[in-house]
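Structural overview
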Amino acid sequence: MPVQKITIEEFLQLARQHPVFDVRSPGEYVHAHIPGAISLPLFTDEERKVVGTAYKQQSKQAAIKIGLDYFGVKMRGMVEQVESLMVGRKSLAGNATETTNDQHLTNIVLVHCWRGGMRSAGVAWLLDLYGFKVYTLTGGYKVYRKWVLAQFEKDHAFKIIGGYTGSGKTLVLHQLAQQQEAVIDLEALAHHKGSAFGALGEAAQPKQEMFENLLAQRLAVAGWPLAGENAISTTNNQRPTCIWLEDESQRIGNLQIPMPLWYTMRKSPVYFLDIPFEERLHYITEEYGKFKKEELVTAIMRIQKRLGGLETKNAINHLLENDHKACFGILLAYYDKLYQKALENRENLSTLLNKIPCSGVDTATNTQNILACQIVSI
């Protein structure tokens, strides 16, 4: 069959089962890509620059000839790279089931470039010639980005897990996922826990564009299985009526929750885990006390202007004297005030807020309390 061009919706549906090859340059891929896509660059970053310059300054034909020079020597290697991956997938599929004889399912590949132009067409032609069934994305990655941004404009049904710092909100979110509730862990996608201390123990944050790609994908598939991702599946195979999120500021480290989505979050019901200060302080001391003092001091210095000179000095002195509890007590009081202000800044808070008294940071109990509260509030 010839190479077939398909829409973004068709492309993403097929991508749930079949490999996606991104033939843009390595630099484009590293900046941001479709989650799960495999880099199969037609040109290096420098080669792309040379071809682009020739296209602008000479002619389309001159650029194509230069591109062919680069492409020709790579053809065999690109085919073998795809073939190797497909053989591995076929082997996995064979181990998963002994009842299927449909080799067609393990021979489908999806290809895209930036705008669905000559790069994807060239690689698609090569793979089709070799025997793969190839689909290309009409409009390329540019159309995918339009799809991404459109996901944030939708009227999603969210339920927000609220609570002061140290309430174990993320733990409850994960427990809800274990109980087959649809969740999105924004902090996991952002590689950051949200506060001045949020980068401790985390990998480097993705670029804003990549964060948006990951988030849009999770919004689109929340509640549905997705190959290669930690998606949550429902027991009845029905799309969930709501998605649980943790209450967040609009900024998570260096990243920002897209404004339309954040507005939707701010209008969503909040299930507030009301846990005593001392219980939360104990949890925070255990959680963050394991980090190096130098890292903690650096984090404290990031908020010194808002914390105040005296409180900053006291917090650091307590830390240097190994009195972690006293140090974190100062910081926790500071973050409680910030959170309370943000909470009260919601419109119609009285109709959104559901306070759930909790005796401590007990994940299992607090999860059940939230689920019981949502049933009562429906």
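So, here's what we can say about the structure. Here the structure is a predicted model, which is why all the values come from computation and not from measurement.

Turning our attention to the packing of helix α15 (residues 309-320) against helix α16 (residues 324-344). Where α15 contacts α16, the axes come no closer than 7 Å and their chain directions differ by 155°. Relative to α16, α15 is oriented roughly antiparallel. Crossing geometry of α15 relative to α16 is assigned as left-handed. Contacts between α15 and α16 involve E311, N314, A315, H318 and L319 on the former and, on the latter, H324, A326, C327 and I330. Taken together, the residues of the contact of α15 with α16 sort by class into five nonpolar, three polar and one charged.

In a beta sheet, neighbouring strands are held together by backbone hydrogen bonds and run either parallel or antiparallel to one another. With respect to topology, five strands assemble into an open sheet ordered β1-β5-β4-β2-β3, the strand pairing being parallel. Looking at strand neighbours, the two that pair on one side only are β1 (4-6) and β3 (38-39), the edges of this open sheet. Bridge analysis of strand β2 (residues 20-22) against β3 gives two bridges, and the strand direction is parallel. The residue of β3 that forms the bridge with F21 is I38.

Another aspect to go through is the pairing of strand β6 (residues 158-162). For β6, the buried fraction is high: five of the five residues fall into the buried class. Side chains F158, I160 and G162 project from β6 onto one buried face, and the interleaved K159 and I161 project onto a second face that is buried too. Here β6 runs beside strand β10 (residues 270-274); their pairing, made up of three bridges, is parallel. By the bridge assignment, I161 is partnered in β10 with Y271.

Turning our eyes to something else, we now look at the nonpolar core. Generally speaking, a soluble globular protein has its nonpolar side chains buried in company with each other. One finds Y144 and L215 to be the most contacted residues of the largest nonpolar core, which totals 45 residues. A total of six residues in this core trace back to one element, the largest contributor, which is helix α10 (residues 208-221).

Bringing the packing of aromatic side chains into the picture now. The final tally for this structure, using the stated rule, is 13 aromatic pairs. Seen in terms of ring centroids, W114 and Y141 are 6.0 Å apart; in terms of plane orientation they differ by 40°. Their pairing is tilted. With W114 in the loop between β4 (108-112) and α6 (118-130) and Y141 in helix α7 (residues 140-151), this residue pair connects regions lying 27 residues apart in the sequence. W114 gets classed as partly exposed once you look at its relative accessible area, which sits at 33%. Classification of Y141 as buried rests on a relative accessible area of 1%. Taking 6.3 Å as the distance between ring centres and 70° as the angle between the ring planes, the aromatic pair formed by F197 and Y288 counts as edge-to-face. On the criterion of sequence distance, the pair formed by F197 in the loop between α9 (186-190) and α10 and Y288 in helix α12 (residues 277-288) is long-range, its members being 91 residues apart. Taking the relative accessible area as the measure of exposure, F197 reaches 6% and is therefore buried. By relative accessible area, Y288 is classed as buried at 12%.

Evaluation of the coordinates by the stated rule reveals ten salt bridges. Here E28 makes a salt bridge to R119, at a shortest N to O gap of 2.9 Å. Placement of the pair is E28 in helix α2 (residues 26-31) and R119 in helix α6, with a sequence separation of 91 residues. Pair check on accessibility: E28 and R119 agree, each one buried. Two residues, E202 and K193, come together in a salt bridge whose shortest N-O distance is 2.7 Å.

Nonpolar side chains collect at one region of the surface, where Y55, I64, L68 and M118 lie side by side and expose about 380 Å² of accessible area between them. On the secondary structure map, L68 appears in helix α4 (residues 60-72).

End to end, α7 covers 17 Å across twelve residues, agreeing with the expected 16 Å (1.5 Å per residue, within 8%). Along α7, the positions that sit buried rather than exposed are G140, Y141, Y144, R145, W147, V148 and Q151. In an axial view of α7, the angular spread of the buried residues amounts to 160°, which keeps them on one side of the axis. Check the buried side of α7 and you find it contacts α1 (8-15), β4, β5 (133-137) and α10.

Reading the values: rules and limits
- Residues numbered from 1 in each chain as written.
- Predicted model: local features only at pLDDT ≥ 70, side-chain atom pairs only at ≥ 80, totals over all residues.
- Heavy atoms only, no water.
- Axes fitted to C-alpha atoms, helices over the stretch in contact; angles between N-to-C directions.
- Helix = DSSP H or I, 4+ residues; strand = E, 2+ residues; numbered from the N terminus.
- Parallel < 35°, antiparallel > 145°, perpendicular 65-115°, else oblique.
- Left-handed = near helix turned anticlockwise from the far one by under 90°.
- Contact = heavy atoms within 4.5 Å.
- Nonpolar A, V, L, I, M, F, W, Y, C, P; charged D, E, K, R; others polar.
- Pairing = 2+ DSSP bridges.
- Buried < 20%, exposed > 50% of the residue type's maximum accessible area, 1.4 Å probe, protein only.
- Core = buried A, V, L, I, M, F, W, Y, C linked by side-chain atoms within 4.5 Å.
- Phe/Tyr/Trp six-rings, centres within 6.5 Å; stacked < 30°, edge-to-face > 60°.
- Salt bridge = Lys/Arg side-chain N within 4 Å of Asp/Glu carboxyl O.
- Patch = residues over 30% accessible without salt bridge, like charges linked within 9 Å, V, L, I, M, F, W, Y side chains within 5 Å.
- Areas by Shrake-Rupley, 256 points an atom, 1.4 Å probe, with all protein chains shown as cover.
- Expected span 1.5 Å × (residues − 1).
- Arc of directions from axis to C-beta.

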